[in-house]
Amino acid sequence: MKRIAVMTSGGDSPGMNAAIRAVVRNGLEHEIEVWGVRQGYAGILSGDMHKLTSFEVSGILQRGGTILQTARNEEFKTPAGQQKGLRQLNQRGIEGLVCIGGDGSLKGALALHRLGFPVVGVPASIDNDLDGTNMSIGVDTAMNTILDSLDRIRDTASSHTRAFLIEVMGRNCGYLAIMAAILGGAEIVSTPEREISMEEIGKSLADAYLRGKSHAVAVIAEGVSYDINELAAYLRGKSDVGFDIRLSILGHVQRGGSPSAFDRLLATRMGVKALEFLLEGKSGVMTALDGREISPIPIEDAIKRIRPINPNYFDLARILAR
Ligand code: ADP
Ligand code: F6P
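Residues numbered from 1 in each chain as written. Chains lettered and ligands numbered in written order. Predicted model: local features only at pLDDT ≥ 70, side-chain atom pairs only at ≥ 80, totals over all residues. Heavy atoms only, no water.

**Considerations on the nonpolar core**
If you look at the biggest cluster of nonpolar residues, it comprises 81 residues, and the most contacted ones within it are Val-6, Val-98, Ile-100, Leu-205 and Val-219. When residues of this core are assigned to domains, at least three map to each of domain 1 (3–138 + 259–303) and domain 2 (140–255). Listed in part, the 26 residues of the second largest apolar core include Met-7, Leu-106, Leu-112 and Ile-297. (Core = buried A, V, L, I, M, F, W, Y, C linked by side-chain atoms within 4.5 Å. Buried < 20%, exposed > 50% of the residue type's maximum accessible area, 1.4 Å probe, protein only. Domains from an automatic or database assignment.)

**With respect to the sheet that holds strand β1 (residues 3–9)**
In spatial order, the strands read β3-β2-β1-β4-β5-β10-β11; together these 7 strands make up an open sheet with mixed pairing. Bordering the open sheet on either side are β3 (49–51) and β11 (293–298), each of which pairs with just one other strand. Strand after strand, the sheet turns through a mean of 30° between neighbouring axes, direction not considered. As judged from the 2 bridges shared by strand β5 (residues 119–123) and strand β10 (residues 285–290), these two strands associate in the parallel manner. Pairing of Val-120 across the sheet is with Val-285, part of β10. Contacts from helix α9 (residues 261–279) reach β1, β2 (33–37), β4 (96–101), β5, β10 and β11 within the one sheet, and its direction differs from that of β10 by about 140°. (Pairing = 2+ DSSP bridges. Helix = DSSP H or I, 4+ residues; strand = E, 2+ residues; numbered from the N terminus. Axes fitted to C-alpha atoms, helices over the stretch in contact; angles between N-to-C directions. Contact = heavy atoms within 4.5 Å.)

**A closer look at the side chain of Thr-66**
Among the secondary structure elements, Thr-66 is positioned in the loop between β3 and α3 (79–91). Given the relative accessible area of 14%, Thr-66 is considered buried. Polar contacts involving the side chain of Thr-66 include one to the side chain of Thr-8, which spans 2.8 Å. Excluding anything up to four places from it in sequence, Thr-66 contacts Thr-8, Asp-12, Met-16, Asn-17 and Ile-20. (Polar contact = N/O pair within 3.5 Å; in protein donor to acceptor, adjacent residues only side chain to side chain.)

**Topic: the site of ligand 1**
In the vicinity of ligand 1, 16 residues are found, and the nearest of them are Arg-72, Asn-73, Asp-103, Gly-104 and Ser-105. Take Asn-73: an N or O atom from its main chain is 2.6 Å from an oxygen atom of ligand 1. The contact in question runs from an oxygen atom of ligand 1 to an N or O atom on the backbone of Gly-104, over 3.0 Å. For ligand 1, the protein covers 85% of the area, taking 560 Å² as the surface of the free molecule. (Near = heavy atom within 4 Å. Areas by Shrake-Rupley, 256 points an atom, 1.4 Å probe, with all protein chains shown as cover.)

**Here's the deal with the packing of helix α6 (residues 175–184) against helix α11 (residues 311–320)**
As a packed pair, α6 and α11 sit with axes 9 Å apart at the nearest point and diverge in direction by 35°. In this structure, the crossing between α6 and α11 has a hand that is left-handed. For the pair formed by α6 and α11, the contact residues are Ile-178, Met-179 and Ile-182 on the first element and Tyr-313, Phe-314, Leu-316, Ala-317 and Leu-320 on the second. Looking at the contact of α6 with α11, its residues break down into 8 nonpolar, no polar and no charged. (Left-handed = near helix turned anticlockwise from the far one by under 90°. Nonpolar A, V, L, I, M, F, W, Y, C, P; charged D, E, K, R; others polar.)

**Points about the pairing of β2**
Where burial is concerned, most of β2 is hidden: 4 out of the 5 residues are buried. Relative to β2, β1 is paired through 4 bridges, and the arrangement is parallel. Note that in β2 the partner of Ala-5 across the bridge is Trp-35. Pairing geometry for β2 and β3, over 3 bridges, is antiparallel. Following the sheet pairing, Gly-36 is matched in β3 by His-50.

**Points about the domain arrangement of the chain**
Reports often express the size of an interface as the amount of accessible area lost when the parts come together. Here the chain is partitioned into domain 1 (3–138 + 259–303) and domain 2 (140–255). Taking only C-alpha atoms, the centre of domain 1 and the centre of domain 2 are 34 Å apart. Taken together, the contact between domain 1 and domain 2 spans 16 residues of the former and 12 residues of the latter. Each partner contributes to the roughly 1200 Å² buried at the junction of domain 1 and domain 2, and carbon and sulfur atoms together form 50% of this total. When the buried area of domain 1 at its contact with domain 2 is split by residue, Asp-12, Ile-126 and Asp-127 rank highest and sum to 42% of it. In this structure, the connection of domain 1 to domain 2 is made through 1 salt bridge. The interface formed by domain 1 and domain 2 contains 8 residue pairs in polar contact (both at pLDDT 80 or more). Looking at the side of domain 1 that touches domain 2 residue by residue, the class counts come to 5 nonpolar, 5 polar and 6 charged. (Buried area = accessible area lost by both parts, 1.4 Å probe. Salt bridge = Lys/Arg side-chain N within 4 Å of Asp/Glu carboxyl O.)

Quick look at the structure:
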C-alpha cells in the first residue's frame, strides 16, 4: 500500500483530530501517503480529498471537532452511491480507507469493504453505542462535560429546593445517562434500556421531597419514549411533587471541547493501529478497546446491536441514590 485515505463521519466527537493525526504520522513512519477526505461520505462522492502533510496535522491533538469536517449523506446509503464512491477512491489511486465515526459511518465502511475495498473503522461517537469496544472516542470528554454541568445545576437546585430534569445525549443508548447519574449523584435516571415512567418519576420526586431532600436531579436520556417538556408539564401538574420543577437540555455542548487525556490516548492508539491493520491486510474490521489492547473486531459485530449497559450499573445508581 502506498496511498490511503482517512475520513471523519457522522456526529463529531472530541478526539477525532487526535485520531487523524495518528493515522497521518504513522503513515509517514511507513512511507505511506495519507489523504484526508473532507465532510465524510459527501467528500468521498464529490472527490473532495487531498494529501495531508505532517504540518497540516500539527497543533490539532488538543482540538475538539474535526479538521476534516463531517457530514451526513443520504446518497452513500444507496448501492449506486457506494459504487460512485468506490470509483472516486480508485481514480485517485487510494488503496485503503480509515473511517472514523459512529455506527452509521461504520455501516458505510462495511458497504465499501463488501465491494472489495480495504477499510478499517475507528469508533468515535459520544454515544458509546458501538458494541465490542469498551469505549468509543469522545465518550470520556462528553462525560466530563456533562458532570461539570450537573455539578453546577445541583448548586442552584439545592439553593432553591428545586428538582431538575436534565436531558443528555446518546441517541438510543443510555450509557451517558446512567454514568452521569452514578457519577453526578442523581436521584433518578431514565434510559431507553430501562425507562422509568413519568408516574414513577413523580412518585420518586414526591418521596425525596418528603424525606427532606433540598433538591433532586433526574437524568433523562434523549432516547426515552417521552419528551422532557412533556415530563416537566406532567410533574408541574401534580400537587404532591413538592419541588419546583426546572429542566435543562444539555444539547451540543456535550459534543465539543478539548479531548480528555483518556480520549487523546485512545484516539492516538486507535489511529496508529488502524493503519497497521490496513497494512496487515485486514479489512472490514474496527479498532476495539479490548482490556488493555486495541484489537481488530469485525465491523459487523460492532453494529449488530446497541452496546448493552452492564445491569450492575442500574443497581449502583439505585443504591447510591438513597
Ligand atoms: P454516526 O456515524 O455518528 O452514527 P450517522 O448514523 O448519521 O452517524 O451516519 C453517518 C453517515 O454514514 C450517514 O449520513 C451516511 O452517509 C452513512 N451511513 C449510515 N448508514 C449507512 C448505511 N446503512 N449504508 C451506507 N452508509 C451509511
Ligand atoms: O451521535 C451523536 C449525537 O450527538 C447523538 O447523541 C445525538 O442524538 C445526535 O448526534 C444529534 O445529531 P445532530 O448533531 O445532527 O443534531
